[in-house]
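Take a look at the letters that make up each chain.
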Amino acid sequence: MGQSKEIVLKLIGSLLFIIGVFGYYLAIINQDYDLFWWFCYSALIIVGISIFVKNSSLIISQLNILIIPSLIWAIDFFSALLLGIPPFGRTAYFFEETRWFVRLVSLQHLFTIPLVLYSLYLIKIKKLFIPVIISLFHITLFYFISISLTNPEKNINCVFRSCIPYFNFGQFYPIAWFIAYIFIILVTYFSVTRLKFLRK
C-alpha cells in the first residue's frame, strides 16, 4: 500500500475516532450518561481504530450495524431540510438544537458510511463470517445494557419502542427488535461483501 493511501487511512481513522470520543465527551459534560450506549458512538471509536490498523473484519462488523440506520437518518434529515417534514421523526432534534458542536456530532451520520466504504476500498476485504458474529455480540450486549441502565424516555438504540412511528409490535417488540437487527446485519454484510471493488 502506497504512502499516500496510508496517510488517507490514518486521517479517516483519526477523524472518526475523534468524533466518537467527542460524542462521549459531550455526554459527560452534559451529565447525560445514557448517551454512552448509543451504537454510533462506540462504533465510531471501533471503526476509527480498525481503519488505523487496517482490520477489515472489525470495520465491517460496525458497518453492519451502522449503514441502514444511518441511511434512515440521512433520508429523514434531507426531507426535513428540503421539505420541512422529517418522515421518520429521527432528526427533528437537529433543527431545534442551537449548539453547533452537538449538530456536528450528529452530522457524522451523513459522512461516516462513505468514509468507511472508501477505507475498505483502500484496505480490501476478505469474505469471512467473523464480522457478523462480532456485530451480533455488539448489539446483544448493548441491548441488555440499554434496556437495563438507561432512561426509557431516551429510547437509546430504540430498545424500548420503535424509533419509526409507523411500526408498533406491542408486547412482541423485543423479539421484533432482534429480528430487525439480525436482518439489518445480514443484509448489510452480504451486500458489502459482494461489492467487487472492495474485495482483493
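The paragraphs below set out a description of the structure included in this document. In this text, all values refer to a predicted model and were calculated from it rather than measured experimentally.

**Here's the deal with the overall build of the chain**
Moving on, step 1. From N to C terminus, the chain includes eight helices and zero strands.
Moving on, step 2. Taken from N to C terminus, the helices and strands of the chain fall in the order α-α-α-α-α-α-α-α.
Moving on, step 3. For 200 residues, the compact-globule estimate of 2.2 N^0.38 gives 16 Å, and the chain sits close to it at 17 Å.
Moving on, step 4. In terms of its C-alpha atoms, the chain occupies a principal-axis envelope of roughly 50 × 35 × 35 Å.
Moving on, step 5. The proportion of buried residues among the 200 residues of the chain is 42%.
Moving on, step 6. Sequence separation of at least 24 residues holds for 70% of the intrachain contacts in the chain that already meet a minimum separation of 6.
Moving on, step 7. Split by element, the accessible area of the chain, about 10,900 Å² in all, is 71% carbon and sulfur.

**Overview of the state of the cysteines**
Moving on, step 1. By the definition in use, this model includes one disulfide.
Moving on, step 2. As a non-bridged cysteine, cysteine 40 has cysteine 158 as the owner of its nearest cysteine sulfur, 11 Å distant.
Moving on, step 3. By relative accessible area, which is 13% here, cysteine 40 ends up buried.

**Let's talk about the side chain of serine 119**
Moving on, step 1. Residue position: serine 119 is located in helix α6 (residues 108-123).
Moving on, step 2. Discounting chain neighbours no more than four positions away, the residues touching serine 119 are Leu9, Ile12 and Ile51.

**Topic: the packing of helix α3 (residues 56-83) against α6**
Moving on, step 1. α6 packs onto α3 with a crossing angle of 145° between their chain directions and a minimal axis gap of 8 Å. When you trace α3 past α6, the crossing you get is left-handed. Where α3 abuts α6, its residues Ser56, Ile59, Ile60, Leu63, Leu66, Ile67, Ser70, Trp73, Ala74, Phe77 and Phe78 lie against His109, Leu110, Thr112, Ile113, Val116, Leu117, Leu120 and Ile123.
Moving on, step 2. The class makeup of the residues in the contact of α3 with α6 is 15 nonpolar, four polar and no charged.

**Quick word on α3**
Moving on, step 1. An ideal rise of 1.5 Å per residue puts 40 Å on 28 residues; α3 measures up with 38 Å between its terminal C-alpha atoms.
Moving on, step 2. Its maximal kink placed at leucine 66, α3 deviates by approximately 35°, while the proline proline 69 follows within four residues.
Moving on, step 3. Backbone geometry just downstream of α3 places glycine 84 in the positive-phi region, at approximately 80°.

**A word on the nonpolar core**
A general feature of soluble globular proteins is that nonpolar side chains tend to end up buried together.
Moving on, step 1. Grouped together as the largest cluster of nonpolar side chains are 45 residues, with contacts concentrated most on Leu16, Phe39, Ile51, Leu120, Ile139, Trp177 and Tyr181.
Moving on, step 2. Put simply, the parts of the chain that give this core at least two residues each are α1 (3-29), α2 (39-53), α3, α5 (100-106), α6, α7 (130-149) and α8 (173-192).
Moving on, step 3. Sorting elements by how many residues they give to this core places α2 first, with eight residues.

**Re a positive patch on the surface**
Moving on, step 1. Taken together, the side chains of Lys127, Arg194, Lys196 and Arg199 present a region of like positive charge at the surface.
Moving on, step 2. By secondary structure assignment, the location of arginine 194 is in the segment after α8.

Thresholds applied
- Residues numbered from 1 in each chain as written.
- Predicted model: local features only at pLDDT ≥ 70, side-chain atom pairs only at ≥ 80, totals over all residues.
- Heavy atoms only, no water.
- Helix = DSSP H or I, 4+ residues; strand = E, 2+ residues; numbered from the N terminus.
- Rg over C-alpha atoms; globule rule 2.2 N^0.38 Å.
- Buried < 20%, exposed > 50% of the residue type's maximum accessible area, 1.4 Å probe, protein only.
- Contact = heavy atoms within 4.5 Å.
- Areas by Shrake-Rupley, 256 points an atom, 1.4 Å probe, with all protein chains shown as cover.
- Disulfide = S-S within 2.5 Å.
- Axes fitted to C-alpha atoms, helices over the stretch in contact; angles between N-to-C directions.
- Left-handed = near helix turned anticlockwise from the far one by under 90°.
- Nonpolar A, V, L, I, M, F, W, Y, C, P; charged D, E, K, R; others polar.
- Expected span 1.5 Å × (residues − 1).
- Bend = angle between axes of the 7 residues up to and from the residue.
- Core = buried A, V, L, I, M, F, W, Y, C linked by side-chain atoms within 4.5 Å.
- Patch = residues over 30% accessible without salt bridge, like charges linked within 9 Å, V, L, I, M, F, W, Y side chains within 5 Å.
- Salt bridge = Lys/Arg side-chain N within 4 Å of Asp/Glu carboxyl O.
- Lys, Arg positive; Asp, Glu negative; His and termini not counted.
- Charge placed at Lys NZ, Arg CZ, Asp CG, Glu CD.

None of the figures reported here should be taken as evidence of function without further support.
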